[in-house]
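Coordinates in review
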Amino acid sequence: MPNLRKMLGNVQSEECRSLMRLMETQSKKTLADWAVAYAKAHYLPVFEAACPGERRLAETVAACEAYGKGQTSLNELKPLLREAAQVARALADHPVAQAAARAVSVACSTVQTPTNALGYLFYGAAAIAYSQAGLDRTAEEYEELAAVEFQRAYASLQKACIPDEPHPAKLHWNC
């Protein structure tokens, strides 16, 4: 088995740069709602397939959805976000499950840190690539799958975008 990376994707790629530009036009709430919904639809099922019966990430996603609707506070959500990160750390021997758990955990933390709306996709790309192709492919094959995942995320964000968003988030990319 080759040495697997925790994250896949290239921050300098056109897919990633396009996502960054699009994210800069949206509010923190729009980014958080989209990130949670996207992770729920694409990465949570990968995690649940690898870890059947483990409900903590699904509970965190549900709590983030409630937060997005104003039904819970950030103080109530923070312990769940910490626990979700702990779930991911505990899966070091399971690359697919760990990448998916990290993607879900980081997507959920977008409610606090809007730049995580980009960061979680690198973990998600690894989760998708490893779950689709297995764990014995070349780095080039994984990067191709990651590029496709970034394109899919871009299309999803385009659908979720609010045209002429009146209060776009002030994003400072550290990459």
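Residues numbered from 1 in each chain as written. Predicted model: local features only at pLDDT ≥ 70, side-chain atom pairs only at ≥ 80, totals over all residues. Heavy atoms only, no water.

Let us now look at the overall build of the protein chain. If you tally the helices and strands in the protein chain, you get 8 helices and 0 strands. When the elements of the protein chain are put in sequence order from the N terminus, they spell out α-α-α-α-α-α-α-α. Taking 16 Å as the expected radius of gyration for a compact globule of 175 residues, we find that the protein chain reaches 15 Å, a close match to that expectation. Out of the 175 residues belonging to the protein chain, those deemed buried represent 47%. When contacts within the protein chain are restricted to residue pairs at least 6 apart in sequence, long-range pairs at least 24 apart make up 75% of them. Carbon and sulfur atoms provide 52% of the accessible area of the protein chain, an area that totals close to 8,900 Å². Side-chain charges in the protein chain split into 18 positive and 19 negative, and the spacing between the mean points of these groups amounts to 6 Å. (Helix = DSSP H or I, 4+ residues; strand = E, 2+ residues; numbered from the N terminus. Rg over C-alpha atoms; globule rule 2.2 N^0.38 Å. Buried < 20%, exposed > 50% of the residue type's maximum accessible area, 1.4 Å probe, protein only. Contact = heavy atoms within 4.5 Å. Areas by Shrake-Rupley, 256 points an atom, 1.4 Å probe, with all protein chains shown as cover. Lys, Arg positive; Asp, Glu negative; His and termini not counted. Charge placed at Lys NZ, Arg CZ, Asp CG, Glu CD.)

Right, let's get into the packing of aromatic side chains. Within this structure, the stated rule accounts for 6 aromatic pairs. Their ring planes at 65° and their centres at 5.8 Å tell us that W34 and Y120 sit as a pair that is edge-to-face. Here W34, found in helix α2 (residues 28–42), pairs with Y120, found in helix α7 (residues 116–133); they are 86 residues apart in sequence, far enough to count as distant. The pair formed by W34 and Y120 is uniform in burial state, with each residue classed as buried. Geometrically, the ring pair formed by Y43 and Y120 is edge-to-face, given 6.0 Å between the ring centres and 70° between the ring planes. One end of the pair, Y43, is in the loop between α2 and α3 (44–50); the other, Y120, is in helix α7, and 77 residues separate them in sequence. We note that Y43, like Y120, is buried. Among the aromatic residues, ring-to-ring pairing joins W34, Y38, Y43 and Y120 into one connected group. (Phe/Tyr/Trp six-rings, centres within 6.5 Å; stacked < 30°, edge-to-face > 60°.)

It is worth spelling out the environment of Q112 at this point. With respect to the helices and strands, Q112 occurs in the loop between α6 (95–108) and α7. The sequence separation of Q112 and L81 amounts to 31 residues, and the corresponding C-alpha distance is 9.9 Å.

The N-to-C vectors of α2 and α7 enclose an angle of 10°; their axes lie 11 Å apart at closest approach. As the angle between them shows, α2 and α7 are arranged roughly parallel. Here α2 contributes L31, W34, A35, Y38, A39 and H42 to the contact with α7, which in turn contributes A117, Y120, L121 and I128. In terms of residue class, the contact of α2 with α7 is made up of 9 nonpolar, 1 polar and no charged. (Axes fitted to C-alpha atoms, helices over the stretch in contact; angles between N-to-C directions. Parallel < 35°, antiparallel > 145°, perpendicular 65-115°, else oblique. Nonpolar A, V, L, I, M, F, W, Y, C, P; charged D, E, K, R; others polar.)

Let us now look at helix α8 (residues 139–160). Here α8 is 22 residues long and its end C-alpha atoms lie 31 Å apart, about the 32 Å a rise of 1.5 Å per residue gives. Every buried residue belonging to α8 is among Y142, A146, E149, F150, A153 and L157, and all of these are buried. All buried residues of α8 lie within an arc of 105° about the axis, which places them on one face of the element. In α8, the exposed positions that point more than 90 degrees away from the buried face belong to E140, E144, V148 and K159. (Expected span 1.5 Å × (residues − 1). Arc of directions from axis to C-beta.)

This part takes up helix α5 (residues 74–89). An ideal rise of 1.5 Å per residue puts 22 Å on 16 residues; α5 measures up with 22 Å between its terminal C-alpha atoms. Among the residues making up α5, those that are buried are L77, L81, A84, V87 and A88. Seen along its axis, α5 keeps its buried residues to an arc of 115°; they face one direction. Residues N75, R82 and R89 are exposed on α5 and point more than 90 degrees away from its buried face. Looking at the buried positions of α5, the neighbouring elements they touch are α3, α4 (56–68) and α6.

What follows deals with the side chain of S27. As for its position among the elements, S27 is in the loop between α1 (14–23) and α2. Classification of S27 as buried rests on a relative accessible area of 10%. In this structure, S27 is in contact with E165, H167, P168 and A169, ignoring residues within four places of it in sequence.

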